[in-house]
Amino acid sequence: MGHFATKRQQSFVFSCLCSSFAEKRRIMEKEKLEMFATLLEKEKVHMFPGVTFRKICMWIGADIGETDSYLESELGYGGEDILEAYRQSTRLYLKDKYGIDL
């Protein structure tokens, strides 16, 4: 009773499990990317001394290489490039608004 009658049924169940796993992984990765964005946008972690893309990925449990590749493919910039762009943008904002050089 616990066995599948055909290889086709086994294959179907396996593909369903795989697609379910893949969907869960996509959701988890999306959550990690959202956390990455939140840490930059709301928490401004890019301004903390010593913060690197590698450290942020470790904090959020994201694979460094996969995340960097995804950002590069979607945005045209890797993780460290994005951090540097945020840092530069913040520097320019403070310079323009308050005359402060960082």
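The structure under discussion appears in the preceding block.
Reading the values: rules and limits
Residues numbered from 1 in each chain as written. Predicted model: local features only at pLDDT ≥ 70, side-chain atom pairs only at ≥ 80, totals over all residues. Heavy atoms only, no water. Helix = DSSP H or I, 4+ residues; strand = E, 2+ residues; numbered from the N terminus. Buried < 20%, exposed > 50% of the residue type's maximum accessible area, 1.4 Å probe, protein only. Contact = heavy atoms within 4.5 Å. Areas by Shrake-Rupley, 256 points an atom, 1.4 Å probe, with all protein chains shown as cover. Lys, Arg positive; Asp, Glu negative; His and termini not counted. Salt bridge = Lys/Arg side-chain N within 4 Å of Asp/Glu carboxyl O. Expected span 1.5 Å × (residues − 1). Arc of directions from axis to C-beta. Phe/Tyr/Trp six-rings, centres within 6.5 Å; stacked < 30°, edge-to-face > 60°. Core = buried A, V, L, I, M, F, W, Y, C linked by side-chain atoms within 4.5 Å.

Tallying secondary structure elements over the protein gives four helices and zero strands in all. Start at the N end of the protein and walk to the C end: the helices and strands fall as α-α-α-α. For the protein, the proportion of its 102 residues judged to be buried stands at 20%. Across the protein, contacts joining residues at least 24 apart in sequence account for 46% of those joining residues at least 6 apart. As presented, the protein carries roughly 7,900 Å² of accessible surface, and 60% of it is formed by carbon and sulfur atoms.

Here we take up the side chain of Arg-87. As for its placement among the helices and strands, Arg-87 is situated in helix α4 (residues 79–98). Within the buried core, Arg-87 has no salt-bridge partner, and the shortest N-O distance to an opposite charge, that of Glu-84, equals 4.2 Å. Residues within four places of Arg-87 in sequence aside, it is in contact with His-46, Met-47, Val-51 and Glu-80.

So, on to α4. Structural remark: α-helix, 3.6 residues per turn; residues separated by three or four positions point the same way. Taking 1.5 Å of rise per residue, 20 residues should cover 28 Å, and α4 covers 28 Å from first to last C-alpha, within 8% of that figure. When we look at burial in α4, the residues that qualify are Gly-79, Ile-82, Leu-83, Arg-87 and Leu-94. Down the axis of α4, the buried side of the element spans an arc of 140°, and every buried residue falls inside it.

We now examine the packing of aromatic side chains. This structure, assessed with the given rule, holds one aromatic pair. Where Phe-36 meets Phe-53, the ring centres are 5.7 Å apart and the plane angle is 90°; that geometry is what we call edge-to-face. Residue Phe-36 is found in helix α1 (residues 7–41), and its partner Phe-53 is found in helix α2 (residues 53–60); the two are separated by 17 residues along the sequence. Using a relative accessible area of 5% as the deciding quantity, one classes Phe-36 as buried. Overall, Phe-53 belongs to the buried group, its relative accessible area being 4%.

What follows is about the nonpolar core. Among the nonpolar cores identified, the biggest contains 13 residues, and Phe-36, Leu-40, Phe-53 and Ile-56 are the most heavily contacted of them. Among the secondary structure elements, those contributing two or more residues to this core are α1, α2 and α4. Take this core: its biggest share by element is four residues, from α2. Not counting residues up to four positions away in its chain, the partners in contact with Leu-40 are Val-45, His-46, Ile-56, Ile-82, Leu-83 and Tyr-86.

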